[in-house]
Amino acid sequence: MSARNAAAQTAYGPIVLAAIEHNEPPQRRLVDDDLAEAFLPGRFRFLVSLTRSAALRRAVMAASERSAPGLWASIVCRKRFIDERLSDPLNDTDTVIVLGAGLDTRASRIARHSDLPVFEVDQQVNIDRKAAVLRRVLGTPPASVHLVPVDFEHDPLIPALESHGYHRDHRAFVIWEGVTQYLTPDAVRSTLAQLRDIAPGSRLVFTYVRQDFIDGSNTYGADRLYRRFRTSRQVWKSGLVPEQVADLLAGYGWRLVEQAGPSYFRDLYIRPTGRDVAASAVEWTVFAER
């Protein structure tokens, strides 16, 4: 399996977690995504259906925690963080761009109550998969959802978006979730450079894996995760240093607003549910504006 196809296969994992999380009682739920289960292939929908049992749900979460401590909470909390920033009443935006959309459900959830254009960008294999999912789940894909095939390592981003109806003078809310670690450092910086061309007043949310995890100097107790993504196949290629993110963004015309890590998720999202879980220090979420 090529590295690119290996990365494409990881599109399932975060949506499986979001779907299982949605089976939690509302007061214990870390993220709300009622479309996640429907967007999954049959074998994963069956697994998710089993986790309507609290005992089986606990068992699946415990297995995830043994494999990658804190990753479950990090993934579902980052989704909630992004959903909250996107739905903020003060967020005045003209379009949404989802980079590395995978099976993300946001575009379809937005389309329920708005004709706000959403551009979902991903590898051709994931775009084809997403188109099939939208036809299966919704019958007719929402007119406001535009699927844009792009290889971030090689293809120009803005022209591809424009060929599907994007206007670069529109203020955009750009979501780049769970993607940067799968790209080479050159592709990460190339993408940031291309995002210079979007309109002032735009916003950017992205996640990254810490550089010290990528280089192996600190695995944060997630040795099995490190072996899976760095030793066995080296699917994760890039990382960032939290203290350097502001300067990196400034170099591409963005202003750092906030970074969310494990303590942020613990205090704002996890503690109010009463659940005894912790988010991982391996991954961080960034919110920026221009």
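Throughout what follows, the structure given in this document is the object of discussion. (Residues numbered from 1 in each chain as written. Predicted model: local features only at pLDDT ≥ 70, side-chain atom pairs only at ≥ 80, totals over all residues. Heavy atoms only, no water.)

### Looking at the overall build of the protein
Okay, step 1: Across its full length, the protein holds 13 helices and seven strands.
Okay, step 2: The C-alpha atoms of the protein give a radius of gyration of 18 Å, which matches the 19 Å a tight globule of 290 residues would have.
Okay, step 3: Viewed in the frame of its principal axes, the protein has a C-alpha envelope of about 50 × 45 × 40 Å.
Okay, step 4: The long-range share in the protein, meaning contacts at least 24 apart out of those at least 6 apart in sequence, stands at 76%.
Okay, step 5: As presented, the protein carries roughly 12400 Å² of accessible surface, and 52% of it is formed by carbon and sulfur atoms.
Okay, step 6: One finds the centroid of the 37 positive side-chain charges in the protein at a distance of 6 Å from the centroid of its 35 negative side-chain charges. (Helix = DSSP H or I, 4+ residues; strand = E, 2+ residues; numbered from the N terminus. Rg over C-alpha atoms; globule rule 2.2 N^0.38 Å. Contact = heavy atoms within 4.5 Å. Areas by Shrake-Rupley, 256 points an atom, 1.4 Å probe, with all protein chains shown as cover. Lys, Arg positive; Asp, Glu negative; His and termini not counted. Charge placed at Lys NZ, Arg CZ, Asp CG, Glu CD.)

### Section: the pattern of salt bridges
A pair can form between side chains of opposite charge whenever their charged atoms are brought close.
Okay, step 1: Applying the stated rule across the entire model yields 27 salt bridges.
Okay, step 2: Salt-bridge contacts for arginine 29 lead to aspartate 32; the nearest nitrogen and oxygen are separated by 2.7 Å.
Okay, step 3: The class of arginine 29 is buried, set by a relative accessible area of 15%.
Okay, step 4: When salt bridges with common partners are traced through the structure, they connect Asp33, Arg78, Lys79, Asp83, Asp104, Arg106, Arg109, Glu177 and Glu283 into a single cluster. (Salt bridge = Lys/Arg side-chain N within 4 Å of Asp/Glu carboxyl O. Buried < 20%, exposed > 50% of the residue type's maximum accessible area, 1.4 Å probe, protein only.)

### Digging into helix α4 (residues 54-67)
Okay, step 1: The end-to-end C-alpha separation of α4 is 20 Å, in line with the 20 Å expected for 14 residues at 1.5 Å each.
Okay, step 2: Against α2 (12-21) and α5 (71-87) lie the buried residues of α4. (Expected span 1.5 Å × (residues − 1).)

### Considering the nonpolar core
Okay, step 1: In this structure, Leu40, Phe81, Val96, Phe213, Leu225, Trp236 and Phe265 are the most contacted members of the largest nonpolar core, which totals 60 residues.
Okay, step 2: Sequence-distant contacts of phenylalanine 213, defined by excluding residues within four places in its chain, comprise Asn218, Thr219, Tyr220, Ala222, Leu225, Tyr226, Trp236 and Val282. (Core = buried A, V, L, I, M, F, W, Y, C linked by side-chain atoms within 4.5 Å.)

### Some details on the pairing of strand β3 (residues 145-149)
Okay, step 1: Pairing of strand β2 (residues 118-122) with β3, which is carried by five bridges, proceeds in the parallel orientation. Looking at the pairing, valine 118 lines up with valine 145 of β3.
Okay, step 2: This β-α-β element, β2 to helix α7 (residues 124-138) to β3, shows right-handed connectivity. (Pairing = 2+ DSSP bridges. Right-handed = clockwise from strand over helix to strand, strands pointing away.)

### A look at the environment of arginine 52
Okay, step 1: Here arginine 52 lies in the loop between α3 (42-50) and α4.
Okay, step 2: Spatially, the C-alpha atom of arginine 52 lies 9.9 Å from that of proline 25, the residues being 27 residues apart in sequence.
Okay, step 3: Side chain to side chain, arginine 52 and glutamate 37 meet in a polar contact 2.8 Å long. (Polar contact = N/O pair within 3.5 Å; in protein donor to acceptor, adjacent residues only side chain to side chain.)

### Brief notes about helix α13 (residues 262-270)
Okay, step 1: Inspection of α13 places Tyr264, Phe265, Tyr269 and Ile270 among the buried residues, and these make up the whole buried set. The arc that holds the buried residues of α13, viewed along the axis, is 150°, so those residues lie on one side.
Okay, step 2: Of the surrounding elements, those touching the buried residues of α13 are α5, β6 (255-260) and β7 (283-289). (Arc of directions from axis to C-beta.)

### What to know about the sheet that holds strand β4 (residues 172-176)
Okay, step 1: Read from one edge to the other, the open sheet built from seven strands follows the order β3-β2-β1-β4-β5-β7-β6, with strand pairing classed as mixed. Edge positions in the sheet fall to β3 and β6, since each of these pairs with one other strand and no more. The mean angle between the axes of side-by-side strands here comes to 20°, regardless of whether they run parallel or antiparallel.
Okay, step 2: Two strands pair when backbone bridges link them, and strand β1 (residues 95-99) and β2 are joined in this way by four bridges, in the parallel orientation. Residue pairing in the sheet places valine 98 in a bridge with glutamate 120 of β2.
Okay, step 3: Against the sheet, α5 touches β1, β4, β5 (203-209), β6 and β7, its axis set at about 10° to β7. (Axes fitted to C-alpha atoms, helices over the stretch in contact; angles between N-to-C directions.)

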